[in-house]
Amino acid sequence: MPSPPAAPFAVPSGRRGSWPLRLVVAEKPSVAADLARVIDPGAARRQGWLQGRLYTWTWALGHMAELAPPESYQPALKGRWRLELLPVLPEAFAIQAREGRTAQLEVIRGLLRKAEAVVVATDAGREGELIWEYIREVSGYDGPAQRLWLSEGTPAAVRAAFADLQAPKADLAAAARARACADWVIGMNATMALSARHGGLWSAGRVQTPTLALLTSREAEIAAFTPTEYFVVTAAFAAVDAQFRGRWFRGKQDRLPDRAAAEAVASKVRGQPARVASVTRRRAREAPPRLFNLNDLQRAANARHGLTAADTLKAAQSLYERHKAITYPRTDSRHVSAEAFATFPERLRAIRGDLAPVASGLAASLPHPGKRVVDDAQVSDHHALLPTAAAPDPARLGPAEAKVYALIVRRFLAALLPPAVYDDTEVVTEVAGDTFRSRSRVLLTPGWREAEPHVAARDKDDEEEEPAGGNLSRLRQGMDAACTGAEVAARQTKPPSRFTEASLLQVMETAGRLVDDDALAEAMRERGLGTPATRAQIIETLIARDYVARQGKSLVPTERGQRLVDLAPPELREPATTGEWEQRLRAVEAGRDRADAFLADIAAVTRRIVADVAGQAPARLPPPAAPDRPPRGEPAPASGRAAGRSGARERSRSGRGQAPPASAQMPIGTCPRCGGPIVESPKAYGCANWRPEAGGCRWVLWKKVAGKTLSPTQARELLAHGETKRVLKGFTSKAGRKFDARLRLERETGRTGFVFPPTAPNVAQTTSKRTTAR
């Protein structure tokens, strides 16, 4: 239920105690402190809040409440998932406090009971709205509330936002709730159905599974690909004051199917007189790129610097919250409003470093860039990513932060600079009845490439480029030349490339369609897989759950990931279907669709998914590794929504679902203490009989040993043999020194220790540790 419309209220003046309590609820402690520092300097710290002259400031710790687990509606599911009890489709969703959040939630409840008006200062977006909605519901607050809508954290922007507090965004709240409920219904029921039918734990989700399907589909294309050999003939030519190279072609054909034919062409033209048959020149203009949204920034950071999407988001969030150096990062817009464009000169004057002269020139005479940059109709909650007028101290930026900030500044400048201008030349040379083509491109005016010289030209395929080998501008039609040499090169057709994070983020934005055109991508952005805020963690979750592995820059589905896609019903793995759901959520957010109608359709799909799984033959397969923290937009396997951002600064917003029932997990060994099964959890390998009713066995082997994470295979070896078979690399002593050793488990005493190679120094004297109780 959305909050009722708020009555406007003014910021009070005078001493506290002469007016009703006005409460500001921020998303995290650091945000509350930053806001209070600007609006209410000198606010005193209390236990869970700040007391200022103008406001009382409190904070959430990310999501304070969540949707209740399935056993809240169907008690028989507790301890064992059973197909005949599915699907679970609550008529009304229950909200419960999240584990570890109770104390702060009680603080907020107490303050809300006294509050006469509230300023909601959670993140200005769908998930921030959901955080407040859940707090409001579990606290029983039904008083007035206003929305603080921030796109950047500079003091000037904070003051302006407090001077222009907005009414609650009911449609945004409805979309947030609908998204959470849809993820719960599909994720919970699909996970329980697949796990109950096939054994083990098979975690599925509305966004996670179709993203995995993109990777497995690409892998299938690669596996089915049969390379075809072909041959190209390249000739060298000499004319007056010009030497150049060309590639053989005839009509639309520029390759030959067999070596004999290619060698015949090369022998025929080698040493023969030639003539320049045609010279075509044209002036080409390369338009500047659009401003960054988060998706584009993550793609650029991955391609340019090898940063993962999660690393880029973490750096961008820090630049926004801590350094106040960029605007709100979790945006899907590539445009700005006319109001934001008016701030560009101030932002440009703040830019430092080697691009300062370029920025100063633009600030002094800023041409209007047109609708490619400024378009109010394309801006919804937040505009494109921009640097603020508060340039950060480079010495205070971490390596990833510095790289991400530089990318944003360079793109900001590039979008405002004129097009790059090239002189393109194509030459056709005739020799002995055959034709050869040469192409060259000469940069005349760098334009926007002055800011982004490293950005690769689009549609470039180095392998298929006709070689030039000289300045073709000196050639004229009809000139005589000579073929001074010819050679044959054997090549093969190539399979589709594996996805990198950059290319996967691109197809996630367009629901699986490879779209290179910016305008078309913009039109499809409402039909993507997930949102800019969730995609990075979706990828990380697939990796953490052992569905996907990184191989260099490539993302490759594991055998478990492939098996999950094979088992998943079509409606669960089809990217286009999930893209359509995301489009409907955006329509709910814009007031063009109803949340109840959307959720009714989701319930119908869920019934079909469960029926499909129930009709499958059981496949007893090795389960994937126990899941780590689920991403925003994806449910935990057996709990309410577990949401989170990546990065240490965002852990407060992350959460864990309850562990799946022990009966749903495949044991990796036998407990040395009680003989029960050892199962995997996010941080440890422990006895499944840990519950009091099962005997209360507290034996645990922690995953982290001397800075290294033990894999399930290594844990199995320790439990079966008491020692790993091979020397393990990557341990770190307490003194910070790296070392390699075999790991030993003394099962009776409960200690882990190290067995060193004969020549290795014992650098880990203090690293052995006892397995401990939970």
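The structure we're discussing is the one just above.
Attention here is on the structure that accompanies the text. (Residues numbered from 1 in each chain as written. Predicted model: local features only at pLDDT ≥ 70, side-chain atom pairs only at ≥ 80, totals over all residues. Heavy atoms only, no water.)

Another aspect to go through is the overall build of the protein chain. Counting secondary structure elements, the protein chain contains 21 helices and 26 strands. Out of the 774 residues belonging to the protein chain, those deemed buried represent 55%. Here the contacts in the protein chain between residues at least 6 apart in sequence split such that 73% fall between residues at least 24 apart. In the form shown here, the protein chain has an accessible surface area of approximately 33,000 Å², with 50% of it arising from carbon and sulfur atoms. (Helix = DSSP H or I, 4+ residues; strand = E, 2+ residues; numbered from the N terminus. Buried < 20%, exposed > 50% of the residue type's maximum accessible area, 1.4 Å probe, protein only. Contact = heavy atoms within 4.5 Å. Areas by Shrake-Rupley, 256 points an atom, 1.4 Å probe, with all protein chains shown as cover.)

Counting 83 residues, the largest nonpolar core has Leu23, Leu86, Leu112, Val118, Trp132, Ile135 and Leu504 as the members making the most contacts within it. For this core, the leading source of residues is helix 5 (residues 170-198), giving 14 residues. The next biggest cluster of nonpolar side chains, apart from the first, holds 67 residues, and it includes Leu35, Ala325, Leu348 and Leu416. (Core = buried A, V, L, I, M, F, W, Y, C linked by side-chain atoms within 4.5 Å.)

A word on the sheet that holds strand 10 (residues 242-249). Reading around the barrel, the six strands line up as 9-10-13-12-11-14 and close back on themselves, with antiparallel pairing between neighbours. Strand-to-strand twist of the sheet, defined as the mean angle between neighbouring strand axes without regard to direction, takes the value 35 degrees. Two strands pair when backbone bridges link them, and strand 10 and strand 13 (residues 434-445) are joined in this way by three bridges, in the antiparallel orientation. In the sheet register, Arg247 faces strand 13, and the bridge partner there is Arg437. Relative to the sheet, helix 7 (residues 259-269) contacts strand 9 (229-239), strand 10, strand 12 (420-431), strand 13 and strand 14 (480-492), its axis offset from that of strand 14 by approximately 165 degrees. (Pairing = 2+ DSSP bridges. Axes fitted to C-alpha atoms, helices over the stretch in contact; angles between N-to-C directions.)

Time to look at the packing of aromatic side chains. As enumerated under the stated definition, the model contains 16 aromatic pairs in all. Note on Tyr55 and Phe162: the rings are 5.7 Å apart at their centroids and 55 degrees apart in plane angle, and the pair reads as tilted. Of this pair, Tyr55 sits in the loop between strand 3 (49-51) and strand 4 (56-59) while Phe162 sits in helix 4 (residues 155-163); the two residues are 107 residues apart in sequence, bridging distant segments of the chain. No difference in accessibility class separates Tyr55 from Phe162, as the two residues are buried. With a centroid separation of 5.4 Å and an interplanar angle of 25 degrees, the aromatic rings of Phe237 and Phe244 are classed as stacked. Phe244 gets classed as buried once you look at its relative accessible area, which sits at 2%. Through a chain of ring-to-ring contacts, the aromatic side chains of Phe731, Phe739, Phe754 and Phe756 assemble into a single cluster. In this structure, Lys703 is placed above the aromatic ring of Tyr685, and the distance from its NZ or CZ to the ring centre is 5.5 Å. (Phe/Tyr/Trp six-rings, centres within 6.5 Å; stacked < 30°, edge-to-face > 60°. Lys NZ or Arg CZ within 6 Å of the ring centre and 35° of its normal.)

A word on the pairing of strand 18 (residues 677-680). Sheet analysis places strand 17 (residues 669-670) next to strand 18, joined by two bridges and oriented antiparallel. Opposite Gly669, over in strand 18, you have Ile678 as the bridge partner. In this sheet, strand 19 (residues 684-687) lies alongside strand 18 in antiparallel orientation, the contact comprising three bridges. Each residue of the ladder has a partner; that of Val679, found in strand 19, is Gly686. Between the antiparallel neighbours strand 18 and strand 19 lie three residues.

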